Amino acid sequence: MHAEQHYLVGLDLAGRRVVVVGGGTVAQRRLPRLVASGAVVDVVSPEVTPAVQGMADSGEITWWERSYASDDLDGAWYVLACTSDTAVNARIAADAESRRVFCVRADVAVEGTAVTPAVGEHDGLLVGVLAGGEHRRSAAVRDGLLSALHEGAVADHHEKPSGVALVGGGPGDPDLITVRGRRLLSRADVVVADRLGPRDLLDELAPHVEVIDAAKIPYGRAATQDFINASLIEHARRGKFVVRLKGGDPYVFGRGFEELLACAEAGVPVTVVPGVTSAFGVPALAGVPVTHRGVAHEVVVVSGHVAPDDERSMVDWPALAALRGTIVLMMAVERAGAFATALIDGGRPADTPVTVVQEGSTRTERVLRSTLDSLGADVVAEGIRPPAIIVVGPVAGLAPR
């Protein structure tokens, strides 16, 4: 069977019975999309992978724990033969053909009556590519098409989103923004951008896109929150699609919810796109896990924008010091010594490991290893400046061999 003989079609499987014979990794790859289509999925196999068993345990599929029998195909609309036995797959395909049911053979695609394309999704658009059995080619073309759609290089005349999207851009490396975030960014008319967002992505925007600087420089120039809120609302009311591009995650010390409330009060619809929070992503990239089995069973993220003894502080520092797990301090560079003292006074050992990561995930990243009693002096001596993440706890002393 040659590629030109295939007829690419979309099947409406919602509420219809689909039989998957075999419960290995091939079935594991195919099942999520079948479940998402609304199909009633029966898996027939003596054994399945843990992931497939999990889908059965949660009720997403029905697992028949036995070998295949011909009458398993009774009432089926679609069949996938995914066993590791070529003879069994051939028998399944023959049984399906006798019932006039389309069947995909995972082992020898050309021997089945249907072929699974390389599939991907983009903003409600389902893209499928067939390459006559050349799976790497079809996957490569699919990936290229999706990438072009995400970046706006291929025209997609889908109706433009409306209102405001609060997009978490991740720690700073443009590759760490989510797929959804990048897709919405490519469709923006106006981008209100943070200084800590993935700045390199701004260069990819179309010439007509207006970029508004919402930078907040620590202890220096800053756009007020009222100005940012007003900008979002004003442009959205003019019919523009506005992306608020923020560093990290909008809801982790990013004032994202404040901006959502302002838009909601003004009647402007908001889409929230979570991002990779710098609190966890930056330490991970620097080789520090914020949790580790047998080392830390808890992790607390704390804002350091006010000192421990400031009347505006909402942190219970003695309680925090009594914990044995990980503390991640954000916006804490200027007061690093004061925070270290508060933790030591509260009972944290003075030799507790600390890792400081400045401008994590970017080309200018710097990593400082210290201890709680030396933190303040080391930050000053090394000239550490914002933005930086401070990780306190035993995990900060871990390092790959």
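Residues numbered from 1 in each chain as written. Predicted model: local features only at pLDDT ≥ 70, side-chain atom pairs only at ≥ 80, totals over all residues. Heavy atoms only, no water.

K.L.:
Provide a residue-level description of helix α5 (residues 179–186), including the pertinent values.
P.N.:
Because each turn of an α-helix spans 3.6 residues, side chains separated by three or four positions in sequence point in the same direction. For α5, the complete set of buried residues consists of G181, R182, R183, L184 and L185. Buried-residue contacts for α5 involve β6 (118–122), α4 (135–151), β8 (164–168), β9 (190–193), β11 (242–246) and β12 (270–273). (Buried < 20%, exposed > 50% of the residue type's maximum accessible area, 1.4 Å probe, protein only. Helix = DSSP H or I, 4+ residues; strand = E, 2+ residues; numbered from the N terminus. Contact = heavy atoms within 4.5 Å.)

K.L.:
Account for a nonpolar patch on the surface, naming residues and giving values.
P.N.:
On the surface, Y7, V9 and L11 cluster together into a nonpolar patch covering about 380 Å² of accessible area. Residue position: L11 is located in the segment before β1 (17–21). Here L11 falls in the partly exposed class, since its relative accessible area comes to 48%. (Patch = residues over 30% accessible without salt bridge, like charges linked within 9 Å, V, L, I, M, F, W, Y side chains within 5 Å. Areas by Shrake-Rupley, 256 points an atom, 1.4 Å probe, with all protein chains shown as cover. Salt bridge = Lys/Arg side-chain N within 4 Å of Asp/Glu carboxyl O.)

K.L.:
So what about the pairing of strand β15 (residues 353–358)? Which residues, and what values?
P.N.:
Sheet faces and side chains relate simply in a regular strand, where the side chains alternate between the two faces. Most of β15 is tucked away, with five of its six residues classed as buried. Alignment of β15 against strand β16 (residues 366–371), held across six bridges, turns out to be antiparallel. Across the sheet, the residue bridging to Q358 is R366, located in β16. Here β15 runs beside strand β17 (residues 388–392); their pairing, made up of five bridges, is antiparallel. Note on β17: the bridge partner recorded for Q358 is A388. (Pairing = 2+ DSSP bridges.)

K.L.:
An account of unusual backbone geometry is requested, with residue identities and associated values reported.
P.N.:
The peptide bond linking P386 to P387 adopts the cis configuration, its omega dihedral lying at 0°. Residue placement: P387 occurs in the loop between α11 (375–381) and β17. Positioned with a positive phi, F253 is a non-glycine residue whose angle comes to about 55°. Checked against the element boundaries, F253 lands in the loop between β11 and α7 (256–265). The phi torsion at E359 lies on the positive side, around 50°, for a residue other than glycine. For E359, the position within the fold is in the loop between β15 and β16.

K.L.:
Outline the packing of helix α6 (residues 225–237) against α7, supporting the account with residue identities and numerical values.
P.N.:
Where α6 meets α7, the closest approach of the two axes is 10 Å, and the angle between their N-to-C directions is 50°. It follows from the interaxial angle that α6 and α7 lie oblique. For the pair α6 and α7, the sense of crossing is right-handed. From α6, Q225, I228, N229, L232 and I233 reach across to α7, where they touch E258, E259, A262 and C263. (Axes fitted to C-alpha atoms, helices over the stretch in contact; angles between N-to-C directions. Parallel < 35°, antiparallel > 145°, perpendicular 65-115°, else oblique. Left-handed = near helix turned anticlockwise from the far one by under 90°.)

K.L.:
Describe in detail the sheet that holds strand β3 (residues 62–64), supporting the description with residues and values.
P.N.:
Taken together, the five strands give an open sheet; going across it, the order is β3-β2-β1-β4-β5, and neighbouring strands pair in parallel fashion. Edge positions in the sheet fall to β3 and β5 (102–105), since each of these pairs with one other strand and no more. The average angle at which neighbouring strand axes cross in this sheet is 20°, direction not considered. Of the pairings in the sheet, the one linking strand β4 (residues 78–81) to β5 comprises four bridges and is parallel in character. Bridge pairing in β5 places A81 opposite R105. Along the sheet, helix α3 (residues 86–98) contacts β1, β4 and β5; its crossing angle with β5, the most-contacted strand, is approximately 165°.

K.L.:
Just give me the short version of the environment of V315, but keep the residues and values in it.
P.N.:
Mapped onto the fold, V315 is located in the loop between β13 (299–303) and α9 (317–322). A relative accessible area of 29% places V315 in the partly exposed class. Separated by 251 residues in the primary sequence, V315 and W64 place their C-alpha atoms 53 Å from one another. Residues contacting V315, with those up to four places away along its chain left out, are V302 and L320.

K.L.:
So what about the sheet that holds β13? Which residues, and what values?
P.N.:
Overall, mixed pairing links the five strands, which are arranged β13-β14-β17-β15-β16 in an open sheet. On the outer flanks of this sheet lie β13 and β16, each paired with one strand and no other. Across the sheet, the mean angle from the axis of one strand to that of its neighbour is 20°, orientation sign disregarded. Both β13 and strand β14 (residues 326–330) contribute to a ladder of five bridges, which runs parallel. Paired with V301 across the strands is V328, a residue of β14.

K.L.:
Talk me through the packing of aromatic side chains; I want residue IDs and the actual numbers.
P.N.:
A complete count under the given rule lists two aromatic pairs for this structure. Ring geometry for Y251 against F257: centres 5.8 Å apart, planes inclined by 90°, an arrangement best described as edge-to-face. Judged by its relative accessible area of 40%, Y251 falls in the partly exposed class. One Lys or Arg, R16, reaches over the ring of W77 and ends 4.5 Å from the middle of that ring. (Phe/Tyr/Trp six-rings, centres within 6.5 Å; stacked < 30°, edge-to-face > 60°. Lys NZ or Arg CZ within 6 Å of the ring centre and 35° of its normal.)

K.L.:
Break down α6 for me, with residues and values.
P.N.:
Under the 1.5 Å per step criterion, the end-to-end length of α6 is 18 Å for 13 residues, consistent within 8% with the ideal 18 Å. The positive-phi residue at the C-terminal boundary of α6 is G239, with phi of around 90°. (Expected span 1.5 Å × (residues − 1).)

K.L.:
Lay out the nonpolar core with the relevant residues and their values.
P.N.:
Membership of the largest hydrophobic core comes to 23 residues, with the highest contact counts inside it found for L329, V356 and I390. Looking at this core, the elements that each hand over two or more residues are α9, β14, α10 (336–345), β15, α11 and β17. Broken down by element, this core gets its largest block of residues, five residues, from α10. When near neighbours in sequence (up to four residues on either side) are disregarded, L329 contacts V302, W317, F339, A388, I389, I390 and V392. Grouped together as the second largest cluster of nonpolar side chains are 20 residues, L13, V48, V52 and I61 included. (Core = buried A, V, L, I, M, F, W, Y, C linked by side-chain atoms within 4.5 Å.)

By themselves these figures say nothing about function.
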